[in-house]
Amino acid sequence: YAPYNDGRGNVFPQRELPTAFEQELLSLDCNKLREAEDIRKKAAADPVSIGAWGRLGPDSYLLERTNERLDLDETCEALVEMAARHPKATAKVIEYAANGPYVMALLRKKVPGMVPATPEGSKTHRVLSAAKNANERDARAISMQVMFKSGNVWVPHPEMPGFAWVLEFLEEICGFPTAPHDDDVDMTSQALAHLQPSVWLHEYREKRAAEEAEPVVLNPLAHQQKRI
C-alpha cells in the first residue's frame, strides 16, 4: 500500500508491522451500567471501546479496536474474544469506574491479568491534570499529543481490508474534546499511559513536587490545650 494521503495535503509515513513486541496489552473503556441497560431497551448509550496494543521501544502500535454499543454481558464477551486473539497481551487494563468493576468481577475466574485503572491512581499517570475550565484543552488530549506528534503512535493503514475503522478512530482522536464521544480517547490514553508511562510520570511528579512545596497553614487554635 502507498503512504496514506488524507486528501488535505497530508501524506502519512508507513512501516511494516513488527513481528514481535516488548509489551502487549488490552485497554478497555466501559460505559455505565445505566447505559448498558439502555442498550437492552434499544435506547441511546455511549459506546464501549476496547483496543489491543503492542510496544516496541518508544513506539506503540494499535493492533485491533472494537467500538460498539454493548451491554454488560456483551462487553465481557468482547473482552474475552479479543484476549483470545491476542494471547500475548497479558495485561488487560480496565478503568475502574462505570461498568469496569462489574466486568472484572464477572471475568475474574476467566480472564487473567486484569489491571484496574482508577481515576485517582493510574488514570492520574495518563492525565497530566484535570481541565480547570471549559476553555482549557482537556489534559488527556494534551497527553496523547506528545506521543502522536513525536511519531511514536502507529495505526493500521485504513485502506487495508478490515481496517476502515481507523479513519473513524482518528476522527475522534483529532476532534477531541468537541467530538460526540471520547471512548477511543479514554481507551487510547489509558493504554499509552501503561505502555509509555515515563511521559506522564514526569509531569505527574512535577505537579506533586509543586503541591508539596506549597506552604501549609495550620490553625494555631487547634493546637492550644484547654485549661481547666
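For the structure, check the block above.
Residues numbered from 1 in each chain as written. Predicted model: local features only at pLDDT ≥ 70, side-chain atom pairs only at ≥ 80, totals over all residues. Heavy atoms only, no water.

Engineer: With reference to specific residues and values, describe the pairing of strand 1 (residues 23-29).
Structural biologist: In terms of burial, strand 1 is a largely internal element, six of the seven residues being buried. As defined by bridge partners, strand 1 adjoins strand 2 (residues 48-56) across seven bridges and the pair is classed as antiparallel. Residue pairing for strand 2: Ser27 is matched across the bridge by Gly51. Where strand 1 lies against strand 4 (residues 91-95), four bridges are found, and the strand directions are parallel. Looking at strand 4, one finds that Leu26 is bridged to Lys92. (Buried < 20%, exposed > 50% of the residue type's maximum accessible area, 1.4 Å probe, protein only. Helix = DSSP H or I, 4+ residues; strand = E, 2+ residues; numbered from the N terminus. Pairing = 2+ DSSP bridges.)

Engineer: Outline the nonpolar core, supporting the account with residue identities and numerical values.
Structural biologist: Counting 24 residues, the largest nonpolar core has Leu26, Leu28, Ile50, Leu79, Ile94, Val103 and Leu107 as its most contacted members. If you list the elements that add at least two residues to this core, you get strand 1, strand 2, strand 3 (59-68), helix 2 (72-85) and helix 3 (100-107). Counting residues per element, this core draws most heavily on helix 2, at six residues. The residues touching Leu79, leaving out its near neighbours within four places in the chain, are Leu26, Leu28, Ile50, Ile94, Val103 and Leu107. Ranked by size, the runner-up nonpolar core spans 18 residues in total, among them Trp53, Val93, Met144 and Met147. (Core = buried A, V, L, I, M, F, W, Y, C linked by side-chain atoms within 4.5 Å. Contact = heavy atoms within 4.5 Å.)

Engineer: Describe helix 2, and please don't skip the residues or the numbers.
Structural biologist: Over its 14 residues, helix 2 extends 20 Å from the first C-alpha to the last, a length consistent with the 20 Å expected when each residue adds 1.5 Å. Turning to helix 2, its buried residues are Leu72, Thr75, Cys76, Ala78, Leu79, Met82 and Ala83. One side of helix 2 holds all its buried residues, which, seen down the axis, span an arc of 160 degrees. The N-cap residue of helix 2 is Asp71: its side-chain oxygen and the backbone nitrogen of Asp73 are 3.1 Å apart. (Expected span 1.5 Å × (residues − 1). Arc of directions from axis to C-beta. Polar contact = N/O pair within 3.5 Å; in protein donor to acceptor, adjacent residues only side chain to side chain.)

Any functional reading would require information beyond the geometric quantities listed.
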